[in-house]
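If you want the building blocks of each chain, they are given just below.
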Amino acid sequence: MRVLVAGSTGVIGEQLVLQLAASGHDVVGVSRERGTDLLDRQAVRRAVRTARNLIDAAAQAGVKRLITQGLAYAYEPGKGLADEDAPLWVHPPAQFAPVLAAVVELEQLTREVNGLVLRFGQLYGPGSAFSPAGAYTEQVRAGKLPIAGKGESVLSFTHAADAASAIVAALDSDIAGVLNIVDDTPVTIRDWLPAFATMLRAPAPRHLPAAIVRLAVGGWGAAFMTKLRGASNTRGKTKLNWRPLFASWTEGFTAEHGHGEASSSSLTAI
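Computed from a predicted model, the values in this text were never measured in an experiment.

Visitor: Hey, could you run me through the overall build of the protein in this one?
Guide: Tallying secondary structure elements over the protein gives 9 helices and 11 strands in all. The buried share of the protein, taken over its 270 residues, is 49%. On the protein, roughly 12800 Å² of surface is accessible, and the fraction owed to carbon and sulfur atoms is 53%.

Okay, structure coming up:
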């Protein structure tokens, strides 16, 4: 199959090109600005305009299969893991609102052409914010990322290689709609952050009141630490007959950072 990869030099794109080629697909890569800042309204709008143009062009060219990227951490805060039927954030923090609006628009455009949206969780892997030289890693290493309030956000991680393998699996299916693509081990930020700090041999994170964090980093930063809802991967695994290579973030982070001190046995299951 001939496959056009928009963002072929991105965190997922680089992994995807390799896996597609290994599976015998003919790959055409289109690069774009790497690491779009999700809080940069203009960058988000450019990304959506680009996606809209690609979707329109694909429809006119008679493309048989369209797969786009969504977010598995944009669900309305609540108890338990969110499946694909759960609503997205109804009243998101102001900083995140334009991002969510763009995500909703892209999902709608994809649905209109009977395509499939794969909602990825906290993306990690080479070139990501969680890589050894990534922004989040540097903050944790420097002791600058605190646990806000009770640290109740639930993180569902997705390794870039697992995101890519899900896309490859989806190419061979005719499934439309949306699917969550995340690992098997959601974790609260109050458990993840100290474990990651230990893995990096970094200072233990400080505990700060949520109100103080909100004043320092804004509503979205505070919500990221206190309100995110984890996602269920049950439907994605079943529909695509897909399994993550890294079933737990501890496996993936250990493989990338090279330290094994953060044992999953010390973490609280969700």
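Visitor: Whenever I open this one, the sheet that holds strand β9 (residues 177–181) confuses me. Can you help?
Guide: The strands making up a sheet associate through hydrogen bonds between their backbones, and the pairing can be parallel or antiparallel. Reading across the sheet, the 3 strands line up as β3-β4-β9 and stay open at both edges, with parallel pairing between neighbours. Here the strands that pair on one side only, and so sit at the sheet edges, are β3 (67–71) and β9. Direction aside, neighbouring strands of the sheet carry axes that sit 30° apart on average. In terms of strand pairing, strand β4 (residues 116–120) meets β9 through 5 bridges, oriented parallel. Each residue of the ladder has a partner; that of L116, found in β9, is G177. Along the sheet, helix α3 (residues 97–112) makes contact with β3, β4 and β9, crossing β3 at roughly 150°.

Visitor: Is there a simple way to explain the environment of L118 in this structure?
Guide: The topology assignment puts L118 in strand β4. Taking the C-alpha atoms as reference points, L118 and A166, 48 residues apart in sequence, are found 8.2 Å from one another. Not counting chain neighbours up to four residues away, the residues in contact with L118 comprise I67, T68, Q69, G70, A166, I167, L179, I181 and L240.

Visitor: Where do I start with the pattern of salt bridges in this structure?
Guide: Think of it this way: side chains of opposite charge can pair up when their charged atoms draw near. In this structure the tally under the stated criterion is 7 salt bridges. Across the salt bridge formed by R2 and D26, the nearest N and O atoms sit 3.5 Å from each other. Of this pair, R2 sits in strand β1 (residues 2–6) while D26 sits in strand β2 (residues 26–30); the two residues are 24 residues apart in sequence, bridging distant segments of the chain. Using a relative accessible area of 65% as the deciding quantity, one classes R2 as exposed. D26 gets classed as partly exposed once you look at its relative accessible area, which sits at 44%.

Visitor: How do you make sense of the environment of H25 when you look at a structure like this?
Guide: Positionally, H25 belongs in the loop between α1 (11–22) and β2. Residues H25 and V168, 143 residues apart in the sequence, show an inter-C-alpha distance of 9.6 Å. Aside from chain neighbours lying at most four places away, what touches H25 is M1, V3, L20 and L171. Here M1 takes part through its backbone oxygen, which lies 3.5 Å from a polar atom of the side chain of H25.

Visitor: Just to check I follow, could you spell out the packing of aromatic side chains for this structure?
Guide: Aromatic rings considered in pairs are described by the distance between their centres and by the relative angle of their planes. Summed over the entire model, instances satisfying the criterion amount to 17 aromatic pairs. Aromatic side chains F96 and W220 sit 4.2 Å apart centroid to centroid with 5° between the ring planes, which places their arrangement in the stacked category. Of this pair, F96 sits in the loop between β3 and α3 while W220 sits in helix α7 (residues 210–226); the two residues are 124 residues apart in sequence, bridging distant segments of the chain. Across this residue pair, the class does not change: F96 and W220 are buried. A network of ring pairs unites the aromatic residues W89, F96, Y124, F130, Y136, F157, W192, F196, W220, F224, W249 and F253 as a single cluster.

Visitor: Explanation requested: the environment of Q19 in the structure shown.
Guide: Along the polypeptide, Q19 turns up in helix α1. Linking Q19 and I167, residues 148 residues apart in sequence, is a C-alpha distance of 9.6 Å.

Reading the values: rules and limits
- Residues numbered from 1 in each chain as written.
- Predicted model: local features only at pLDDT ≥ 70, side-chain atom pairs only at ≥ 80, totals over all residues.
- Heavy atoms only, no water.
- Helix = DSSP H or I, 4+ residues; strand = E, 2+ residues; numbered from the N terminus.
- Buried < 20%, exposed > 50% of the residue type's maximum accessible area, 1.4 Å probe, protein only.
- Areas by Shrake-Rupley, 256 points an atom, 1.4 Å probe, with all protein chains shown as cover.
- Pairing = 2+ DSSP bridges.
- Axes fitted to C-alpha atoms, helices over the stretch in contact; angles between N-to-C directions.
- Contact = heavy atoms within 4.5 Å.
- Salt bridge = Lys/Arg side-chain N within 4 Å of Asp/Glu carboxyl O.
- Polar contact = N/O pair within 3.5 Å; in protein donor to acceptor, adjacent residues only side chain to side chain.
- Phe/Tyr/Trp six-rings, centres within 6.5 Å; stacked < 30°, edge-to-face > 60°.

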